[in-house]
Amino acid sequence: MTDQPFPGPALRPLRLQIGAQTIAGFESKGEGRPILLVHGNSASSHIWQKQLQGSLGAKYRIVAIDLPGHGASSPPPNPASDYSGHGYAAAIAAVARELNLRNAVVVGWSLGGHAVLNAAALLPMAAGLMIFGTPPVGSGPEGFAGFKNLSPTAFTAAPTDAQIEEWVHTAFAPGYAPIPDFIVADFHRTDGNARACLGAVAQAGGLADEVEIVRNLKIPLAIVQGGEEQIVDLGYLQRLPAPTLWRGAVQIVAGAGHSTQWEQADAFNALLDAFASSV
């Protein structure tokens with residue numbers, strides 16, 4: 001595994017106090033349309049360094065946050081309810097208001113994509129949404145049909161090192177190397193309750209019907225999928241009723257797995273740039 005220096009000189013650290021919650025992250029120095037980036041389960045804003053830094057971050061005002069209990073953000077005051085789609089949505093909406101992210105594009109990866117869909121109704125200032133590594137869950141027994149490989153490690157408070165290692169390799173294309181060191185470090189840094197409570201919410205039927213949310217969206221929705229994605233089923237995404245789907249199709253990034261924004265950053269950044277420029 002390897003890593004790259006982060007943060008870079010072109011970034012501003014964020015530390016927001018929202019009620020009892022401290023939300024950390026980074027902001028690029030670009031002054032264009034705001035783009036809010038939301039990471040996945042047991043990750044952090046670190047995964048977005050290839051978007052924050054470089055030409056994309058210079059063009060747009062990119063904000064990448066650490067979700068509650070992840071990265072440098074504090075655990076939430078009520079873990080049992082706050083570690084959920086509803087709880088994460090509230091945090092995303094609060095950040096957007098606090099930073100006055102008007103006419104923003106809001107991007108969610110994996111768990112972050114589910115959180116962004118849950119937040120849609122709370123983001124009247126959003127111009128468009130982008131999700132990837134995220135099969136919107138439905139209601140009923142088929143709710144998780146969009147996952148072809150959903151590891152229980154994602155819902156385990158204290159998994160073993162071997163379980164984490166296995167999970168990490170599903171988060172990239174088969175054989176992808178080098179996997180950056182911060183991926184495992186972020187997993188260990190995440191509050192274990194974030195995984196356990198999310199699993200409990202899902203088992204109790206407490207997840208929103210995201211298929212219905214997508215069906216009723218009024219703003220453009222971009223759906224991106226790595227061509228070698230190991231966790232999310234492409235066919236499910238292509239069958240999803242999505243009236244506002246950008247370009248009328250799921251956008252495939254060749255050679256990428258679940259962590260598309262890292263594995264094929266140039267291709268991903270080009271899609272994000274095109275979407276942000278068109279909505």
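Below is a summary of the structure that appears in this document. For clarity, every value in this text was computed on a predicted model and none was experimentally measured.

With respect to the sheet that holds strand β7 (residues 221–226)
Then step 1. Across the sheet, 8 strands lie side by side as β1-β2-β4-β3-β5-β6-β7-β8; this open sheet has mixed pairing. Of all the strands in the sheet, the pair left with one neighbour each is β1 (11–18) and β8 (251–253). Strand after strand, the sheet turns through a mean of 25 degrees between neighbouring axes, direction not considered.
Then step 2. Note that β1 and strand β2 (residues 21–28) share 8 bridges and pair antiparallel. Along β2, the bridge assignment pairs Arg12 with Glu27.
Then step 3. Sitting on the sheet, helix α4 (residues 85–98) is in contact with β1, β2, β3 (32–38) and β4 (60–65), with an inclination near 115 degrees to β1.
Then step 4. Lying over the sheet, helix α5 (residues 111–119) contacts β3, β5 (104–109), β6 (126–132) and β7, oriented at roughly 135 degrees with respect to β5.

Describing the packing of helix α6 (residues 161–170) against helix α7 (residues 182–189)
Then step 1. Interhelical geometry of α6 versus α7 gives an angle of 130 degrees and a closest axis separation of 11 Å. Between α6 and α7, the interaxial angle falls into the category oblique. Taken as a pair, α6 and α7 cross one another with a handedness that is right-handed. Contacts from Asp161, Ile164, Trp167 and Val168 of α6 reach α7 at Ile183, Val184, Phe187 and His188.

Looking at the side chain of Asn41
Then step 1. Looking at where Asn41 falls in the secondary structure, it is placed in the loop between β3 and α1 (49–52).
Then step 2. Judged by relative accessible area, which is 11%, Asn41 ranks as buried.
Then step 3. At 2.9 Å, the side chain of Asn41 forms a polar contact with the backbone oxygen of Ala154.

Considerations on the packing of aromatic side chains
Then step 1. Enumeration over the complete set of coordinates arrives at 8 aromatic pairs.
Then step 2. Arranged with centres 6.0 Å apart and planes meeting at 75 degrees, the rings of Trp48 and Phe132 form a pair that is edge-to-face. With Trp48 in the loop between β3 and α1 and Phe132 in strand β6, this residue pair connects regions lying 84 residues apart in the sequence.
Then step 3. A relative accessible area of 0% means that Trp48 is categorised as buried.
Then step 4. Ring plane angle 50 degrees and centroid distance 6.2 Å describe the contact between Tyr83 and Tyr88, whose orientation is recorded as tilted. Each member of the pair, Tyr83 as well as Tyr88, carries the same accessibility label: buried.
Then step 5. Through pairs of rings, three or more aromatic residues link up here, namely Trp48, Phe132 and Phe268.

Some words on the side chain of Gln225
Then step 1. Its location among the elements puts Gln225 in strand β7.
Then step 2. Take Gln225: its relative accessible area is 2%, and that puts it in the buried class.
Then step 3. From its side chain, Gln225 meets the backbone oxygen of Val232 in a polar contact 3.0 Å long.
Then step 4. Setting aside residues no more than four positions away along its own chain, Gln225 makes contact with Val232, Asp233, Leu234, Leu237, Val250, Gln251, Ile252 and Val253.

Thoughts on unusual backbone geometry
Then step 1. A cis amide bond links Ala177 with the next residue in sequence, Pro178, at an omega value of -5 degrees.
Then step 2. Unusually for a residue other than glycine, Asn103 sits at a positive phi of about 60 degrees.
Then step 3. With respect to the secondary-structure elements, Asn103 resides in the loop between α4 and β5.
Then step 4. Even without a glycine there, the phi angle at Ser110 is positive, about 60 degrees.
Then step 5. For Ser110, the location among the structural elements is in the loop between β5 and α5.

Quick notes on the rules
Residues numbered from 1 in each chain as written. Predicted model: local features only at pLDDT ≥ 70, side-chain atom pairs only at ≥ 80, totals over all residues. Heavy atoms only, no water. Pairing = 2+ DSSP bridges. Helix = DSSP H or I, 4+ residues; strand = E, 2+ residues; numbered from the N terminus. Axes fitted to C-alpha atoms, helices over the stretch in contact; angles between N-to-C directions. Contact = heavy atoms within 4.5 Å. Parallel < 35°, antiparallel > 145°, perpendicular 65-115°, else oblique. Left-handed = near helix turned anticlockwise from the far one by under 90°. Buried < 20%, exposed > 50% of the residue type's maximum accessible area, 1.4 Å probe, protein only. Polar contact = N/O pair within 3.5 Å; in protein donor to acceptor, adjacent residues only side chain to side chain. Phe/Tyr/Trp six-rings, centres within 6.5 Å; stacked < 30°, edge-to-face > 60°.

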